Amino acid sequence: MKLLKITGFLLILNSHICQSKAGESPFEHGKKLPVVPFMVLDNFGMKMCLKECEAISLCCSINFYRKLLKCELNSVGQNESLSLITDQDYVYSEIFHPKNRTCGTDVTCNLQSKCIRTTFDQFVCMPIFCVDPVPEIPNAYIAQKTFSPPSVTYGCSSGYTGVGNNTSICVPGKMWKTPVYSCVPDDFAKDCVYGGIHSYGGKMYCFAEHYITWTAAKDYCHGHTWHLVEIESAEEQSRIISLSKIPDYGAYWIGLADQENEGTWLWSHSRSAPQNPLWNPGQPNGGTIENCVALTYNGWSDLKCSQTLIPICEKVIHN
Ligand SMILES: [Ca+2]
């Protein structure tokens, strides 16, 4: 029994041999093998599909969906426990002599690759899969998948709103690009004013429409697995200001406070001091009376923590 496990595009196996029977008609019309293909290629002709299978070491047979010209490549063929079924939309074929399949004269491509003839009439083995599995995103599912080039497009589960770029790609033989996409609960997303949730530079921002104290603001963001924004650079601050009603009016809670130790300003989530403080002129000036920080005008001001302001929540987009 062969061991073949397919996790997304990742294949874990040691040996793999198609059990193809030579000498039969290559195309069986109105038939298919009831298996899940390891790869599906769009807009392929039937003969092209078979050629593709012949080039890929892993491929033993094809189910060709003739209605939509979909080429389904299978890692198994017919055997004692697996027989063809009738399906008028399909054409089935197996490849011949797979054991002797070589690339050029004596090279056999591994199962993760395909044999390609170069413009100089040389043969090379090219990887066809990504080396890691498709990245998972909490509360998301894979809405669409392409194999050439490898890409996945995510959708969000019911009750969640998608933020960011929902497509991720990979160069065969390499890793998937980290998707910059997140599925946010609808009940949180609907609280976000000024155009909803914004995504920029791998972070998401939400101006939550609640006038609350600094501690309540911190708890509010945290309760949604976000946190009060930690502004890391003047560039990030300008971006946040451009999303808000600052500098005309408005003040928003950010994650900075010196509640614990007067004069020692710390970000509440990362527990670190600001690397690049962006205080308004003359600020901070409230001593022990003002221990919580708001973004106002073009910079930061310390205010009484009991004031009620809109919080700016942020989240680093999930890998
Ligand atoms: Ca203070």
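Every value quoted in this text rests on a predicted model; they were computed, and no experiment measured them.

Undergrad: Describe the overall build of the protein, with residues and values.
TA: Within the protein, the secondary structure is distributed over 4 helices and 22 strands. Its C-alpha atoms give the protein a radius of gyration of 28 Å, clearly above 20 Å, the size a compact globule of 319 residues would have. In terms of overall dimensions, the protein has a C-alpha envelope of 90 × 40 × 35 Å along the principal axes. A burial count over the protein gives 34% of its 319 residues as buried. Contacts in the protein between residues at least 24 apart in sequence constitute 58% of all its contacts with a sequence separation of at least 6.

Undergrad: Tell me what's going on with the pairing of strand E21 (residues 299–303), and back it up with residues and numbers.
TA: In summary, the side chains of a regular strand alternate between the two faces of the sheet. When you tally the buried positions in E21, you get 4 out of 5 residues, the bulk of the element. A loop of 2 residues connects strand E20 (residues 292–296) with E21, the two strands running antiparallel in sequence, and Tyr297 in this loop sits at a positive phi of about 45°.

Undergrad: Would you mind going over the confidence of the model for the protein in detail, with residue names and values included?
TA: Mean pLDDT over the protein: 88, with 91% of residues reaching 70 or higher. Note on residues 1–15: pLDDT is under 50 here. Beyond four places in sequence and across chains, it has 27 contacts.

Undergrad: Break down the environment of Cys156 for me, with residues and values.
TA: Considering the arrangement of structural elements, one finds Cys156 in strand E11 (residues 150–156). Residue classification places Cys156 among the buried residues on the basis of 22 C-beta atoms within 10 Å. Leaving out residues up to four positions away in the same chain, Cys156 has contacts with Asn139, Ala140, Thr161, Gly162 and Cys183.

Undergrad: Lay out the UniProt feature "domain: Sushi" (unreviewed entry) in the protein in plain terms, naming residues and giving numbers.
TA: As annotated by UniProt and renumbered to match this structure, "domain: Sushi" (unreviewed entry) occupies residues 128–185. The distance separating the terminal C-alpha atoms of residues 128–185 is 36 Å; by composition the span is 0% helix and 48% strand.

Undergrad: Please provide a residue-by-residue account of the domain arrangement of the protein, values included.
TA: Each domain of the protein was delimited in the assignment, giving domain 1 (5–118), domain 2 (140–184) and domain 3 (191–316). Between the C-alpha centres of domain 1 and domain 3 the distance comes to 57 Å.

Undergrad: I'd like a rundown of the sheet that holds E11, residues and numbers included.
TA: The 3 strands are arranged E10-E11-E13 in an open sheet whose pairing can be described as antiparallel. The outermost strands of the open sheet, each flanked by one partner alone, are strand E10 (140–147) and strand E13 (167–169). With strand direction ignored, the average angle separating the axes of adjacent strands in the sheet is 25°. Pairing analysis gives 3 bridges linking E11 to E13, with the strands arranged antiparallel. Pairing of Ser151 across the sheet is with Ile169, part of E13.

Undergrad: Give a detailed account of the sheet that holds strand E4 (residues 39–41), specifying residues and quantitative values.
TA: Taking strand neighbours across the sheet as the criterion, the 5 strands line up as E3-E7-E5-E6-E4 in an open arrangement whose pairing is antiparallel. Strands with a single pairing partner mark the edges of an open sheet, and in this sheet they are strand E3 (28–32) and E4. Strand after strand, the sheet turns through a mean of 40° between neighbouring axes, direction not considered. Across 5 bridges, strand E5 (residues 61–65) lies against strand E6 (residues 70–74) in antiparallel orientation. The partner of Asn63 across the bridge, within E6, is Glu72. Each of E4, E5, E6 and strand E7 (85–94) touches helix H1 (residues 46–55); the most contacted strand, E5, lies at about 155° to it.

Undergrad: Account for the nonpolar core, naming residues and giving values.
TA: Counting residues in hydrophobic clusters, the biggest one holds 71 residues, and the most contacted among them are Cys206, Tyr252, Trp253, Ile254 and Ile312. Setting aside residues up to four positions removed in sequence, Ile312 forms contacts with Tyr205, Phe207, Leu228, Val229, Ile240, Tyr252, Trp253, Ile254 and Leu295.

Undergrad: Talk me through H1; I want residue IDs and the actual numbers.
TA: Residues of H1 that are buried: Cys49, Leu50, Cys53 and Ala55. On its buried face, H1 sits against E5, E6, E7 and strand E8 (113–117).

Undergrad: Explain the environment of Gly286 to me, using residue names and the numbers behind them.
TA: Mapped onto the elements, Gly286 comes out in the loop between strand E19 (266–267) and E20. Classification of Gly286 by C-beta neighbours within 10 Å gives partly exposed; the count is 15. In this structure, the C-alpha to C-alpha distance between Gly286 and Gln307, residues 21 residues apart in sequence, is 13 Å.

Undergrad: Tell me what's going on with the pairing of E6, and back it up with residues and numbers.
TA: Burial runs high along E6: 4 of the 5 residues are buried. Relative to E6, E4 is paired through 3 bridges, and the arrangement is antiparallel. Within E6, the position partnered with Leu41 by the bridge is Cys71. Hairpin connection between E5 and E6: a loop of 4 residues separates the two successive antiparallel strands, and Leu69 in this loop has a positive phi of roughly 50°.

Undergrad: Give me the environment of Ser75: which residues, what numbers.
TA: As for its position among the elements, Ser75 is in the loop between E6 and E7. You can call Ser75 buried: it has 23 C-beta atoms within 10 Å. Separated by 22 residues in sequence, Ser75 and Cys53 have C-alpha atoms that sit 9.5 Å apart.

Cut-off values and rules
- Residues numbered from 1 in each chain as written.
- Predicted model: local features only at pLDDT ≥ 70, side-chain atom pairs only at ≥ 80, totals over all residues.
- Helix = DSSP H or I, 4+ residues; strand = E, 2+ residues; numbered from the N terminus.
- Rg over C-alpha atoms; globule rule 2.2 N^0.38 Å.
- Buried ≥ 20, exposed ≤ 12 C-beta atoms within 10 Å, placed from the backbone.
- Contact = placed C-beta atoms within 7 Å.
- Pairing = 2+ DSSP bridges.
- pLDDT = per-residue confidence, 0-100.
- UniProt positions renumbered as here; feature names shortened; annotations may be inferred.
- Domains from an automatic or database assignment.
- Axes fitted to C-alpha atoms, helices over the stretch in contact; angles between N-to-C directions.
- Core = buried A, V, L, I, M, F, W, Y, C linked by C-beta atoms within 7 Å.

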